[in-house]
Amino acid sequence: MWKVVALLGLMGTPAVAQTDQDVEFCTGYGTLAADIMTHRQNGTPISTILAVINEDETEAKAMVMEAFGGPQFQSPSGKQRAVDNFRNDIELRCLQSRI
C-alpha cells in the first residue's frame, strides 16, 4: 500500500522545480497580464494600450492581442473572473516554459 501512496506522490511532482527567480519573473508577467486585461474589461481602446508598449516588447504586445481576442464582460464579477483567469493562464504558461 505504501508503494501506491509513494507513486501517487511522485506523479504530482514536476520533473524540475521552478526557482524563486522563475516564480518572481512569471509573477511579473502575471501582473502585466492582469493590468492589460483590466484595461480590456474597462473598455480601454487597444490602440491606447499598444501606444504605451515599447516596440521591442513582443511578449506584452502578444498579451494585448490575446486579451482583446476574448470577450468584454459587463458585470463586475465577470470582469474580475476574466482578469483572474487571464493572469493565471499567463503565469502558468510562463512557469511551464521555464521547466
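Residues numbered from 1 in each chain as written. Predicted model: local features only at pLDDT ≥ 70, side-chain atom pairs only at ≥ 80, totals over all residues. Heavy atoms only, no water.

Peer 1: Please explain the overall build of the chain as it appears in this structure.
Peer 2: Scanning the chain for helices and strands turns up five helices and zero strands. Written out in order from the N terminus, the α and β elements of the chain read α-α-α-α-α. In the chain, which comprises 99 residues, the share counted as buried stands at 23%. When contacts within the chain are restricted to residue pairs at least 6 apart in sequence, those whose partners lie at least 24 apart make up 73%. With the model as given, the accessible surface of the chain reaches about 6,900 Å², and the carbon-plus-sulfur share is 59%. (Helix = DSSP H or I, 4+ residues; strand = E, 2+ residues; numbered from the N terminus. Buried < 20%, exposed > 50% of the residue type's maximum accessible area, 1.4 Å probe, protein only. Contact = heavy atoms within 4.5 Å. Areas by Shrake-Rupley, 256 points an atom, 1.4 Å probe, with all protein chains shown as cover.)

Peer 1: Hey, could you run me through the environment of Ser97 in this one?
Peer 2: As for its position among the elements, Ser97 is in helix H5 (residues 76-97). By relative accessible area, Ser97 is classed as exposed at 58%. A polar contact of 2.7 Å, which involves the side chain of Ser97, links it to the backbone oxygen of Cys94. (Polar contact = N/O pair within 3.5 Å; in protein donor to acceptor, adjacent residues only side chain to side chain.)

Peer 1: I keep staring at the state of the cysteines and nothing clicks. Help me out?
Peer 2: Taken as a whole and assessed by the stated rule, the structure comprises one disulfide. With its sulfur 2.0 Å from that of its partner, Cys26 forms a disulfide with Cys94. Its S-S torsion of about -75° marks the bond between Cys26 and Cys94 as left-handed, since a negative value means left-handed. Placement of the pair is Cys26 in helix H2 (residues 20-41) and Cys94 in helix H5, with a sequence separation of 68 residues. (Disulfide = S-S within 2.5 Å.)

Peer 1: What is the right way to read H5 from this model?
Peer 2: Helical geometry note: an α-helix holds 3.6 residues per turn, so side chains three or four residues apart project in the same direction. Between its first and last C-alpha atoms H5 spans 32 Å; for 22 residues at 1.5 Å apiece the expected length is 32 Å, and the two agree. By the burial criterion, the buried members of H5 are Gly78, Ala82, Val83, Phe86, Ile90, Glu91 and Cys94. Here the buried face of H5 lies against H2 and helix H4 (58-68). (Expected span 1.5 Å × (residues − 1).)

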